[in-house]
Amino acid sequence: MDDSLLVSLRRYRPREGRDSLEDYLTEIFAWLLRNSREVADAFLDTVMARVPEADRIDLPNADQDITWDTQTPYPGARLDMLAQWPGGALLFEHKVHAPLSAEQVNKYRELAASEFPGKSARVIVVSANTGQHRPEAHGCLCWEDVYKLLEARHETLSDPAEHFHIASFLALLRHEGLHPAAPISHQAVAFYPVAWRFPEQLADALTPLAYEEWPLAERYEGRSPKTRWGRLGFELIPAGGPLHWMPGLFVGVILDGRDHLVQNRYTDRVMLNVILDFSVKLHDIYPQLPSYRRLVQQLRERTPHRGWHFYDHLEERPANRHHPLYLETPLLDVLRGTTTMEEQRDAIRGAVCDAIELLQHDDALKTLTDEVRQKAALLTEV
């Protein structure tokens with residue numbers, strides 16, 4: 001059968017209810033993988049590097065053939081792309097602008113477990129941005145990762161035909177904004193008409209939460225959500241303290257990370273943050289306190305697999321001693337499945353309560369606050 005690129009695309013049929021770009025990209029990319037074993041092997045290496053070590057499978061050796069099928073039907077699902085070789089299989093879900101649900105990925109996982117006897121099968125997501133990634137998948141990467149891989153391969157090519165095909169696919173990815181981010185992101189342009197109200201809507205969600213009785217060991221005073229220092233959210237200040245932040249808690253998002261010196265941490269997704277803030281008079285004191293070191297160690301040990309990521313800014317240079325400790329989680333993951341403001345507020349409340357539990361385990365936060373309060377009282381007496 002003729003497997004030239006144009007013949008392969010002739011078999012392509014847009015499907016109702018789907019973004020035709022996703023299927024179009026899939027057909028071209030699968031064709032490239034079928035026709036260049038070096039590209040296929042490099043892509044499989046890239047994919048497996050995104051899979052946690054415990055879930056990795058053996059990739060095909062040079063003597064084993066790989067098949068790359070598209071739009072393969074299975075009970076209750078149709079796989080965008082399927083790679084198979086003796087002993088292994090990868091089930092691919094490709095996304096451009098459309099969202100991806102946990103239910104869809106879990107269905108693929110069920111297929112991986114039931115439809116590939118004698119093979120180790122894994123589910124892989126390839127999407128436009130990391131905000132579409134799903135923790136239910138075995139591994140996730142972005143089209144820009146595919147772009148980088150093909151670009152590196154393209155620079156070494158001597159075969160004119162292969163050079164032309166890869167250059168054409170790279171041009172398509174650039175045209176659709178699926179290459180490494182341009183100064184004006186295609187994603188930002190596409191979603192700005194609905195996204196510009198995001199700060200106002202988030203402030204509406206957070207305002208009642210600022211004055212709730214949070215499950216904290218001592219009394220905190222809530223301050224209304226506001227935008228300053230590049231962040232939007234509310235603050236919880238220990239009541240009756242000689243200083244405001246000893247430490248204070250910030251709950252919200254960072255819209256511009258330059259003030260906090262975290263502008264390079266998350267460039268394509270918004271994180272819900274719980275941040276510990278310290279008054280400037282305490283900057284030379286709190287890092288040396290046993291209670292602070294204990295809290296840092298505890299968060300480092302307990303945060304993994306709890307839905308939050310721990311970040312210690314004092315490990316960076318320059319370090320930001322105003323805002324040293326962060327608990328972070330993708331806001332989109334917190335809000336998935338919600339349809340009303342109250343549901344979204346409940347979701348944020350539940351996530352923040354989980355973060356507070358991490359901070360308060362074994363009275364770590366209270367012990368730190370008590371010790372800092374004593375030091376702050378001595379400072380203010382001078």
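For the structure itself, consult the block above.
The structure reproduced in this document is the subject of the present report. (Residues numbered from 1 in each chain as written. Predicted model: local features only at pLDDT ≥ 70, side-chain atom pairs only at ≥ 80, totals over all residues. Heavy atoms only, no water.)

Turning our eyes to something else, we now look at the layout of surface pockets. Reported here for the second largest pocket is a volume of approximately 150 Å³. As for the second largest pocket, its lining consists of Ala210, Tyr211, Glu212, Glu213, Trp214, Leu216, Glu218, Arg219, Tyr220, Gly222 and Leu236. Partitioned by chemical class, the residues of the lining of the second largest pocket number six nonpolar, one polar and four charged. (1 Å grid on protein atoms, 1.4 Å probe; cavity = no way out; pocket = protein on both sides within 12 Å on 5 of 7 lines; lining within 4 Å. Points joined across faces, edges and corners; volume = space filled by probe spheres on them. Nonpolar A, V, L, I, M, F, W, Y, C, P; charged D, E, K, R; others polar.)

In this structure, histidine 133 sits in the loop between strand S4 (120–127) and strand S5 (139–142). One polar contact links histidine 133 to serine 127, side chain to side chain, over a distance of 3.3 Å. In this view, histidine 133 contacts Ser127, Cys140, Leu141, Cys142 and Arg336; residues no more than four positions away in its chain are not counted. (Helix = DSSP H or I, 4+ residues; strand = E, 2+ residues; numbered from the N terminus. Polar contact = N/O pair within 3.5 Å; in protein donor to acceptor, adjacent residues only side chain to side chain. Contact = heavy atoms within 4.5 Å.)

By size, the foremost hydrophobic cluster in this structure holds 48 residues, and its most contacted members are Leu276, Tyr292, Leu327, Ile348 and Leu359. In contact with isoleucine 348, not counting residues within four places along its chain, are Leu202, Ala205, Leu206, Leu209, Leu272, Val334 and Leu335. Counting residues in hydrophobic clusters, the runner-up holds 40 residues, among them Trp31, Trp68, Leu172 and Leu173. (Core = buried A, V, L, I, M, F, W, Y, C linked by side-chain atoms within 4.5 Å. Buried < 20%, exposed > 50% of the residue type's maximum accessible area, 1.4 Å probe, protein only.)

The subject of this paragraph is the sheet that holds S4. Read from one edge to the other, the open sheet built from five strands follows the order S1-S2-S3-S4-S5, with strand pairing classed as mixed. Whereas interior strands pair on both sides, the edge strands pair on one side only; in this sheet they are strand S1 (67–74) and S5. Neighbour to neighbour, the strand axes of the sheet diverge by 30° on average, direction disregarded. Bridge count for S4 against S5 is four bridges, and the pairing is parallel. Of the residues in S5, the one forming a bridge with serine 127 is cysteine 142. Relative to the sheet, helix H3 (residues 37–49) contacts S1, strand S2 (77–85), strand S3 (88–94), S4 and S5, its axis offset from that of S3 by approximately 80°. Sitting on the sheet, helix H4 (residues 102–114) is in contact with S1, S2, S3 and S4, with an inclination near 45° to S2. (Pairing = 2+ DSSP bridges. Axes fitted to C-alpha atoms, helices over the stretch in contact; angles between N-to-C directions.)

This brings us to the sheet that holds strand S11 (residues 325–330). The strand order across the open sheet formed by six strands is S6-S7-S8-S9-S11-S10, and the pairing between neighbours is antiparallel. Each of the sheet's edge strands pairs with one partner strand only, and the pair in question is strand S6 (220–228) and strand S10 (309–312). Strand after strand, the sheet turns through a mean of 20° between neighbouring axes, direction not considered. Of the strands in this sheet, strand S8 (248–254), strand S9 (271–277) and S11 touch helix H11 (residues 341–360), which is tilted by about 40° from S9.

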